[in-house]
Amino acid sequence: MAGQALAGISQTFFMGAPPQLAASWFPVKERTAATSIGSLANPVGIGLGTYMAPCIVKVPDDMFTFLAIQAAIMSVVLVVVALLLRSRPKTPPSPTTSQAQETSVKAYLISLKGLILHKDFMLLATSCMLTLGAYWAVLSLSSSLLMPFGYTDTQIGFLVCTALMSGVLSCTLFGVLLDRFRTYRYFTFMAMLGTLAGFVTLFAAIRRNNLFCLTWCWALTGWFGTTAFAFFLELGVECTYPTPETMSANLQLSLAQLSGIAFISIGSVVKDNNRLIVSFSMLAGSLVAAILLLCLFRGSYRRLQIERDGSTVAERDGSTAAEREPFAGVN
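Residues numbered from 1 in each chain as written. Predicted model: local features only at pLDDT ≥ 70, side-chain atom pairs only at ≥ 80, totals over all residues. Heavy atoms only, no water.

*Asks:* Is there a simple way to explain the overall build of the protein chain in this structure?
*Replies:* On a plain count of helices and strands, the protein chain comes out with 15 helices and 0 strands. Looking at the protein chain as a whole, 47% of its 331 residues are labelled buried. Sequence-distant contacts in the protein chain: of pairs separated by 6 or more residues, those separated by 24 or more amount to 82%. For the protein chain, the accessible surface area stands at approximately 16,500 Å², while carbon and sulfur atoms represent 68% of it. (Helix = DSSP H or I, 4+ residues; strand = E, 2+ residues; numbered from the N terminus. Buried < 20%, exposed > 50% of the residue type's maximum accessible area, 1.4 Å probe, protein only. Contact = heavy atoms within 4.5 Å. Areas by Shrake-Rupley, 256 points an atom, 1.4 Å probe, with all protein chains shown as cover.)

As structure tokens, then:
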């Protein structure tokens, strides 16, 4: 449990990082694609781990070998990142490139207060919480949902991996399209509606000896569910600029993790004969509520507007990063 807790804590440092890295290193026309591709690291790792685990772990003693392989891979990545990765380029790629922010407790609390009081951001964060929590719960509950119908660990691992690899392709494609059209809200709507359609087809296809159909249903769910992850992060950054990108991203992801835990806990305690119906009703209902909440979202694309004007926030109001009150004049 200690290892699981440490792994969970570590997510705080990297799951919200893609928007900040994209804003620091990439020009405007490439930023959403960079965020989308960067967001894939987590689902790709989950997908590979889900598929590899039943292939390597045949008896309990094999778990040590599996964990040792993971530790070796992560150690190599850690060394490469520590030696080669810089915080930001020498030349900023855009007017709104992430700059050094004041990191005092006071500045952090001011930014956090601004996020909590921002009506549109909280609507977005709640919608993100319900959408991603439901999607992550489906991935986590896959074994308990499918095993009663005769599917093996290897088959379930393959299905989850298919969903996540499908999401890899969709994030790459839609990230490029979103960079071109800049309609963040509509792309997020599309991802949520697609995820809901994936849920409906997925739960309808859960029956014995239906692996081929389930594969396509999981691919559809992952195609839109994984993409929604990146879209929520990017839309949150847009409507809360100049608050640091990691703050809005981590707040959304923290809420999503909490809702995912709640959904998984409820789905795990329901008896097998009712689990499919209860899980579908709970998760599909969560997505419907998330879509309705996003309909109320009226946040502006603050960062995009500043880039079109060709000036930074500091240039426009003459203030420094430490002096700026987040969301001044915004609902």
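Don't stop here, the text continues.
*Asks:* What exactly am I supposed to notice about the packing of helix α10 (residues 184-205) against helix α11 (residues 211-240) here?
*Replies:* Packed helices, taken two at a time, are described by the angle their axes make and the gap between the axes. In contact at an axis separation of 8 Å, α10 and α11 are set at 155° when each is read in the N-to-C sense. The angle between α10 and α11 falls in the class roughly antiparallel. In the packing of α10 onto α11, the handedness of the crossing is left-handed. When grouped by side-chain class, the residues that make up the contact of α10 with α11 number 19 nonpolar, 7 polar and 3 charged. (Axes fitted to C-alpha atoms, helices over the stretch in contact; angles between N-to-C directions. Parallel < 35°, antiparallel > 145°, perpendicular 65-115°, else oblique. Left-handed = near helix turned anticlockwise from the far one by under 90°. Nonpolar A, V, L, I, M, F, W, Y, C, P; charged D, E, K, R; others polar.)

*Asks:* For this particular structure, what's the right way to read unusual backbone geometry?
*Replies:* Even without being glycine, N209 reaches a positive phi, approximately 55°. Relative to the helices and strands, N209 resides in the loop between α10 and α11. Among the residues examined, N209 registers a relative accessible area of 79% and is labelled exposed.

*Asks:* What is the right way to look at the side chain of T227 in this model?
*Replies:* With respect to the helices and strands, T227 occurs in helix α11. In this structure, T227 is in contact with G167, S170, C171, F174 and G222, ignoring residues within four places of it in sequence.

*Asks:* Looking at this structure, how should I read the packing of aromatic side chains?
*Replies:* Aromatic ring pairs: the centre-centre distance and the angle between the two ring planes describe each pair. This structure, assessed with the given rule, holds 7 aromatic pairs. Measuring from ring centre to ring centre gives 6.1 Å for W136 and F229, while their planes differ by 70°; the resulting arrangement is edge-to-face. Placement of W136 in helix α7 (residues 119-140) and of F229 in helix α11 is noted, with a sequence separation of 93 residues between them. F229 carries the same exposure label as W136, and that label is buried. (Phe/Tyr/Trp six-rings, centres within 6.5 Å; stacked < 30°, edge-to-face > 60°.)

*Asks:* Sorry if this is basic, but what is going on with the nonpolar core here?
*Replies:* Soluble, globular proteins show a tendency: their nonpolar side chains are buried together. One finds L132, W136, L139, L146, L214, W218 and L283 to be the most contacted residues of the largest nonpolar core, which totals 61 residues. For this core, the secondary structure elements donating two or more residues are α7, α8 (142-146), α9 (153-181), α10, α11, α12 (245-269) and α13 (272-295). (Core = buried A, V, L, I, M, F, W, Y, C linked by side-chain atoms within 4.5 Å.)

*Asks:* Before we go on, may I ask you to explain the environment of S170 in this structure?
*Replies:* Looking at where S170 falls in the secondary structure, it is placed in helix α9. Non-local contacts of S170, meaning those with residues more than four positions away in its chain, are made with G175, G222, W223 and T227. Reaching out from S170, the side chain makes a polar contact with the backbone oxygen of W223 at a distance of 2.6 Å. Within the structure, S170 has its side chain in polar contact with the side chain of T227 (distance 2.5 Å). (Polar contact = N/O pair within 3.5 Å; in protein donor to acceptor, adjacent residues only side chain to side chain.)

*Asks:* Explain the environment of R298 here, please?
*Replies:* Along the polypeptide, R298 turns up in the loop between α13 and α14 (302-309). Put simply, R298 and R185 are 113 residues apart on the chain and 9.3 Å apart in space, counted from C-alpha to C-alpha. Contact partners of R298, with chain neighbours within four places excluded, come to D120 and R185.

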